[in-house]
Amino acid sequence: MENWFAALTVFEKVYWIVAIAGSAILLVLVIITLIGGDVDDLGDVDTDIEADTGIDFQFLSFKNLMGFFTIFGWSGIACIDNGVSTGLTVFISVVCGLLMMLAMASLFYYLAKLQSSGTLKLSNAVNQIGEVYLTIGANRTRIGKVSVNVQGTLRELQALTDEDQDLVQGNVVKVHEVTDTGILIVNLLNK
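Description of the structure in this document. (Residues numbered from 1 in each chain as written. Predicted model: local features only at pLDDT ≥ 70, side-chain atom pairs only at ≥ 80, totals over all residues. Heavy atoms only, no water.)

### Some words on a nonpolar patch on the surface
Link 1 in the chain: A cluster of nonpolar side chains, namely Leu88, Phe91, Val95, Leu99 and Leu102, defines an oily patch on the protein surface of about 460 Å² accessible area.
Link 2 in the chain: With respect to the secondary-structure elements, Leu99 resides in helix H4 (residues 86-113). (Patch = residues over 30% accessible without salt bridge, like charges linked within 9 Å, V, L, I, M, F, W, Y side chains within 5 Å. Areas by Shrake-Rupley, 256 points an atom, 1.4 Å probe, with all protein chains shown as cover. Salt bridge = Lys/Arg side-chain N within 4 Å of Asp/Glu carboxyl O. Helix = DSSP H or I, 4+ residues; strand = E, 2+ residues; numbered from the N terminus.)

### Focus on the packing of aromatic side chains
Link 1 in the chain: Throughout the structure, instances matching the rule amount to 8 aromatic pairs.
Link 2 in the chain: For the pair Trp16 and Trp74, a centre-to-centre distance of 5.5 Å together with 85° between the ring planes defines the contact as edge-to-face. A residue pair is termed long-range when its members are at least 10 positions apart, and Trp16 in helix H2 (residues 10-34) and Trp74 in helix H3 (residues 62-81) qualify at 58 residues.
Link 3 in the chain: The exposure class of Trp74 is partly exposed, given its relative accessible area of 36%.
Link 4 in the chain: Pairing Tyr109 with Tyr110 gives two aromatic rings, centres 5.0 Å apart and planes at 75°, and the pair type is edge-to-face.
Link 5 in the chain: Grouping aromatic residues by their ring pairs yields a cluster made of Phe11, Tyr15, Phe68, Phe69 and Phe72. (Phe/Tyr/Trp six-rings, centres within 6.5 Å; stacked < 30°, edge-to-face > 60°. Buried < 20%, exposed > 50% of the residue type's maximum accessible area, 1.4 Å probe, protein only.)

### Let's talk about the sheet that holds strand S2 (residues 144-150)
Link 1 in the chain: Taking strand neighbours around the barrel as the criterion, the 5 strands line up as S1-S2-S3-S5-S4 in a closed arrangement whose pairing is mixed. Put simply, the sheet's adjacent strands are angled 55° from each other on average, direction ignored.
Link 2 in the chain: Here S2 runs beside strand S3 (residues 153-161); their pairing, made up of 7 bridges, is antiparallel. The partner of Lys145 across the bridge, within S3, is Gln158. (Pairing = 2+ DSSP bridges. Axes fitted to C-alpha atoms, helices over the stretch in contact; angles between N-to-C directions.)

### Some thoughts on the layout of surface pockets
If a probe the size of a water molecule is rolled over the atoms, the empty space left behind becomes visible.
Link 1 in the chain: When its volume is computed, the second largest pocket comes out at roughly 160 Å³.
Link 2 in the chain: As for the second largest pocket, its lining consists of Leu26, Leu29, Val30, Thr33, Lys63, Met100, Met104, Leu107 and Phe108.
Link 3 in the chain: For the lining of the second largest pocket, the secondary structure elements donating two or more residues are H2 and H4.
Link 4 in the chain: Its residues placed into classes, the lining of the second largest pocket shows 7 nonpolar, 1 polar and 1 charged. (1 Å grid on protein atoms, 1.4 Å probe; cavity = no way out; pocket = protein on both sides within 12 Å on 5 of 7 lines; lining within 4 Å. Points joined across faces, edges and corners; volume = space filled by probe spheres on them. Nonpolar A, V, L, I, M, F, W, Y, C, P; charged D, E, K, R; others polar.)

### A look at the pairing of strand S4 (residues 172-178)
Walk down a regular strand and you will see the side chains alternate between the two sheet faces.
Link 1 in the chain: Of the pairings in the sheet, the one linking strand S1 (residues 129-134) to S4 comprises 3 bridges and is antiparallel in character. When the bridges of S4 are listed, Ile129 appears paired with Lys174.
Link 2 in the chain: Pairing analysis gives 5 bridges linking S4 to strand S5 (residues 184-188), with the strands arranged antiparallel. Counterpart to Val178 in the pairing with S5 is Leu184.
Link 3 in the chain: Linkage of S4 to S5, two consecutive antiparallel strands, is achieved through a turn of 5 residues, within which Gly182 is found at a positive phi near 90°.

### With respect to the pattern of salt bridges
Link 1 in the chain: On inspection of all chains with the given rule, the structure shows 2 salt bridges.
Link 2 in the chain: The shortest N-O distance in the salt bridge between Arg140 and Asp162 comes to 2.7 Å. A residue pair is termed long-range when its members are at least 10 positions apart, and Arg140 in the loop between S1 and S2 and Asp162 in the loop between S3 and S4 qualify at 22 residues.
Link 3 in the chain: On the basis of relative accessible area, Arg140 is assigned to the partly exposed category, the value being 39%.
Link 4 in the chain: The class for Asp162 is partly exposed, based on a relative accessible area of 40%.
Link 5 in the chain: The salt bridge partner of Asp166 is Arg142, with a shortest N-O separation of 3.7 Å. Placement of Asp166 in the loop between S3 and S4 and of Arg142 in the loop between S1 and S2 is noted, with a sequence separation of 24 residues between them.
Link 6 in the chain: Residue class for Asp166 comes out partly exposed when judged on its relative accessible area of 37%.

Nothing here speaks to function; it is all geometry.
Right under this line is the structure:
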């Protein structure tokens, strides 16, 4: 192994060292990420910017740099093995590394967008169809409850109505509006 490495040119040695070191560090980062660790706290570019609330799309992060060096090294080795000129090897390996950084940044950006806060926004209940669960008094005289699908989950929420008759269990209603206090205003769907 020592003879093989000693026989390489300085140009080839640089690519081999970058490829092996980048691959080893990236492998460790991937393993830590898969077991639940967060290694991007090691130092993103946006950490020293005052009054910054964060950058959604982080092109330059530690993970992305390790991805760059890994692909830079291996694509350079592939070019060298295929007899590509030095200048073209550097160009191709830099482009491949940058494409890897873009791919990784895009992946983490879109994965982060998949997260949901789970916070109920009652405004999403407007125009939803539901069913009366507990009797609702006519002309907003008594708060009742309705079962309504909001944000993909069936919820039992407090409700009032402007109808002239009480709405009883089993009546089908449509949410007309939401008050400032979070109470639904419903109307009988089929009068």
